[in-house]
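Examining the three-dimensional arrangement
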Amino acid sequence: MLLAASLLLKGLAIPLLARIAWLDFTTQKISNQNVLLLLCLGLGSLQLLSVQSGSWWDMGLSALAGLLLFVALFPFWAMRKIGAGDVKLMAVVPLLIGGSGLLVFSALLLLFALATALIVKNPFMLPQGAFRLYVQHLDRKGVVPFGVPISLAAICTIAFQLYSNLTVVGGFSV
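Right, let's get into the environment of serine 55. Position of serine 55 among the secondary structure elements: in the loop between α2 (32–53) and α3 (57–78). Residue class for serine 55 comes out partly exposed when judged on its relative accessible area of 34%. Along the primary structure serine 55 and leucine 89 are separated by 34 residues, whereas in three dimensions their C-alpha atoms are 26 Å apart. Polar contacts involving the side chain of serine 55 include one to the main-chain amide nitrogen of tryptophan 57, which spans 3.2 Å.

Have a look at this one:
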């Protein structure tokens, strides 16, 4: 029962992550309110899993990863290479996906970040239209909305976790 509640909290984070990605793409802003909501969903999910398993290892690993990411990315924010919202989002995501999802998240983040940077730096790769014009505008401003690949990687990681735990909760194999 606790696993199902934990998965529900993670599932509720998916539309919020999609909202964060969209707002970062269109406004280059990630609100503290949205990051705080993700933090609450993540901590609630991790706490339920920790109570069920009787081990706080995953929560500790996630908190350590979040702290390390915050400390590692803070200087890049100070040099204006990355936005404050991106730093806060990266610090919260490990608490949302848990320590067991960090490897999958890292691989997906690398893939999506490279694709995002490639598209923003080479907007001519996109078909003609308003989307291409907007990406060209981002390139001229020198802005890369990193909240988009962070959110996409988190969404895919959560979807993978939900799918892989479907057999445990549903009692059937896929």
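All right, on to the confidence of the model for the protein chain then. When the pLDDT values of the protein chain are averaged, the result is 88; 94% of them are 70 or greater. Ranking the elements of the protein chain by mean pLDDT puts helix α6 (residues 130–141) last, at 73, and helix α4 (residues 84–97) first, at 96.

Below, the discussion takes up a nonpolar patch on the surface. Together, Leu67, Phe70, Val71, Phe74 and Trp77 line one region of the surface with nonpolar side chains, adding up to about 460 Å² of accessible area. With respect to the element layout, phenylalanine 74 can be found in helix α3. What makes phenylalanine 74 partly exposed here is its relative accessible area of 39%.

The subject of this paragraph is the packing of aromatic side chains. Scanning all chains against the criterion turns up three aromatic pairs. Between tryptophan 22 and phenylalanine 25, the ring centres sit 6.2 Å apart and the planes meet at 40 degrees, which makes this aromatic pair tilted. Taken as a pair, tryptophan 22 and phenylalanine 25 lie in helix α1 (residues 2–27) at a separation of three residues, close to a single helical turn. Ring geometry for phenylalanine 70 versus phenylalanine 74: centroids 5.8 Å apart, planes at 40 degrees, classification tilted. One end of the pair is phenylalanine 70 and the other is phenylalanine 74, both in helix α3 and four residues apart, which spans about a single turn. Phenylalanine 70 gets classed as partly exposed once you look at its relative accessible area, which sits at 33%. Ring pairing ties together the aromatic residues Phe70, Phe74 and Trp77, which thus form one cluster.

What follows deals with the side chain of aspartate 24. The residue aspartate 24 is located in helix α1 in this model. Notably, aspartate 24 is buried but unbridged: the nearest opposite-charge side chain belongs to lysine 29, and the N-O separation is 8.7 Å.

Calculation criteria
Residues numbered from 1 in each chain as written. Predicted model: local features only at pLDDT ≥ 70, side-chain atom pairs only at ≥ 80, totals over all residues. Heavy atoms only, no water. Helix = DSSP H or I, 4+ residues; strand = E, 2+ residues; numbered from the N terminus. Buried < 20%, exposed > 50% of the residue type's maximum accessible area, 1.4 Å probe, protein only. Polar contact = N/O pair within 3.5 Å; in protein donor to acceptor, adjacent residues only side chain to side chain. pLDDT = per-residue confidence, 0-100. Patch = residues over 30% accessible without salt bridge, like charges linked within 9 Å, V, L, I, M, F, W, Y side chains within 5 Å. Areas by Shrake-Rupley, 256 points an atom, 1.4 Å probe, with all protein chains shown as cover. Salt bridge = Lys/Arg side-chain N within 4 Å of Asp/Glu carboxyl O. Phe/Tyr/Trp six-rings, centres within 6.5 Å; stacked < 30°, edge-to-face > 60°. Lys, Arg positive; Asp, Glu negative; His and termini not counted.

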